[in-house]
Amino acid sequence: MRKAVYVLLFLFPRLLVAQNKQQAYIDSLVNQLSAARNDTNKINQLDLVSFAYSSVDPDMGIHYATKAKKLSEELEWEKGIARANADLGINYREKSEYDKSLEYYQLALEEYRLQGMKSSMAGVLANISLVYLAKSDFSKALENAFEAEKICEELPDKTTLAAIKEDIAVIYMDQQE
């Protein structure tokens, strides 16, 4: 019991500091939005805000991703639409709304395929595999992870490839349980 108390006393202040740093980062991103013009730079900023919120307040992440998507559609910027859809997928996944998450990830994936954006395709496929893992649909999780792995093997970024290989290992481990 004493060990648990010591661990909590040790970790709790660090968690608060990390949360405060994340909130300060988000606040700075949001403050920059007020001065931004309605262009692709603003969409990129909205994307950053949405992603930053995904781990702390997915509803706010959805709010900013929706704004990014709307502005991207107004500007007819397909890359921005795809990124906003990917952000919506991330935020809905964080809310455990897996069907909505998959819907937005599929929209992002289709656009990335049309644009030939292989790195983004691999990232979305990896995220899709994690949604299927959360749903305990191991065959679809592996199918998407292997597709992401195949794409990553063609790319110079080996960090993403390593992360996908780790995801594959986790899927196999969870499948065994």
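Let us look at the structure shown here. (Residues numbered from 1 in each chain as written. Predicted model: local features only at pLDDT ≥ 70, side-chain atom pairs only at ≥ 80, totals over all residues. Heavy atoms only, no water.)

Focus on the overall build of the chain
Step number 1: The number of helices and strands found in the chain is eight helices and zero strands.
Step number 2: Counted from the first residue to the last, the chain has its helices and strands arranged as α-α-α-α-α-α-α-α.
Step number 3: Considering only contacts within the chain whose residues lie at least 6 apart along the sequence, 51% involve residues at least 24 apart.
Step number 4: Only carbon and sulfur atoms are counted for the fraction: they give 55% of the accessible area of the chain, which is about 10,500 Å². (Helix = DSSP H or I, 4+ residues; strand = E, 2+ residues; numbered from the N terminus. Contact = heavy atoms within 4.5 Å. Areas by Shrake-Rupley, 256 points an atom, 1.4 Å probe, with all protein chains shown as cover.)

What about the packing of helix H7 (residues 138-153) against helix H8 (residues 158-176)?
Step number 1: With their axes 9 Å apart at the nearest point, H7 and H8 run at an angle of 160° to one another. Accordingly, the angle class assigned to the pair H7 and H8 is roughly antiparallel. Both H7 and H8 take part in a crossing whose hand is left-handed. Across the interface between the two elements, Phe138, Ala141, Leu142, Ala145, Phe146, Ala148, Glu149, Cys152 and Glu153 from H7 touch Lys158, Thr160, Leu161, Ile164, Lys165, Ile168, Ile171, Tyr172, Asp174 and Gln175 from H8. (Axes fitted to C-alpha atoms, helices over the stretch in contact; angles between N-to-C directions. Parallel < 35°, antiparallel > 145°, perpendicular 65-115°, else oblique. Left-handed = near helix turned anticlockwise from the far one by under 90°.)

Section: the packing of aromatic side chains
Step number 1: Using the criterion set out here, one finds two aromatic pairs in the structure.
Step number 2: On the basis of an interplanar angle of 5° and a centroid distance of 5.7 Å, the ring pair of Tyr92 and Tyr104 is categorised as stacked. Highlighted residues: Tyr92 in helix H4 (residues 78-94) and Tyr104 in helix H5 (residues 98-115), separated in sequence by twelve residues. Of the two residues examined, Tyr92 and Tyr104, each falls in the buried class. (Phe/Tyr/Trp six-rings, centres within 6.5 Å; stacked < 30°, edge-to-face > 60°. Buried < 20%, exposed > 50% of the residue type's maximum accessible area, 1.4 Å probe, protein only.)

What about H7?
Step number 1: A rise of 1.5 Å per residue sets the reference length of H7, with its 16 residues, at 22 Å; its end C-alpha atoms lie 22 Å apart and thus fit the reference within 8%.
Step number 2: Among all positions in H7, only Phe138, Ala141, Leu142, Asn144, Ala145, Ala148, Glu149, Ile151 and Cys152 are buried.
Step number 3: Check the buried side of H7 and you find it contacts helix H6 (118-134) and H8. (Expected span 1.5 Å × (residues − 1).)

Looking at the pattern of salt bridges
Should their charged atoms come close, side chains of opposite charge can pair.
Step number 1: Scanning the entire structure with this criterion turns up ten salt bridges.
Step number 2: The salt bridge involving Glu74 is made with Lys70; its shortest N-O contact spans 3.6 Å. Taken together, the residues Glu74 and Lys70, both in helix H3 (residues 58-75) and four residues apart, mark about one turn of the helix.
Step number 3: Exposure remark for Lys70: the relative accessible area of 53% places this residue in the exposed category. (Salt bridge = Lys/Arg side-chain N within 4 Å of Asp/Glu carboxyl O.)

Digging into the side chain of Asp167
Step number 1: In this structure, Asp167 sits in helix H8.
Step number 2: Although Asp167 is buried, it forms no salt bridge, and the closest oppositely charged side chain is Arg93 at an N-O distance of 8.1 Å.
Step number 3: The residues touching Asp167, leaving out its near neighbours within four places in the chain, are Ala126 and Leu130. (Lys, Arg positive; Asp, Glu negative; His and termini not counted.)

A few points about unusual backbone geometry
Step number 1: Positive phi outside glycine occurs at Ser96, with the angle close to 65°.
Step number 2: Structurally, the position occupied by Ser96 is in the loop between H4 and H5.
Step number 3: Judged by relative accessible area, Ser96 falls into the partly exposed class, the value being 45%.
Step number 4: Of note, Ser136 is a non-glycine position whose phi angle comes to about 60°, a positive value.
Step number 5: Examined against the element boundaries, Ser136 turns out to sit in the loop between H6 and H7.

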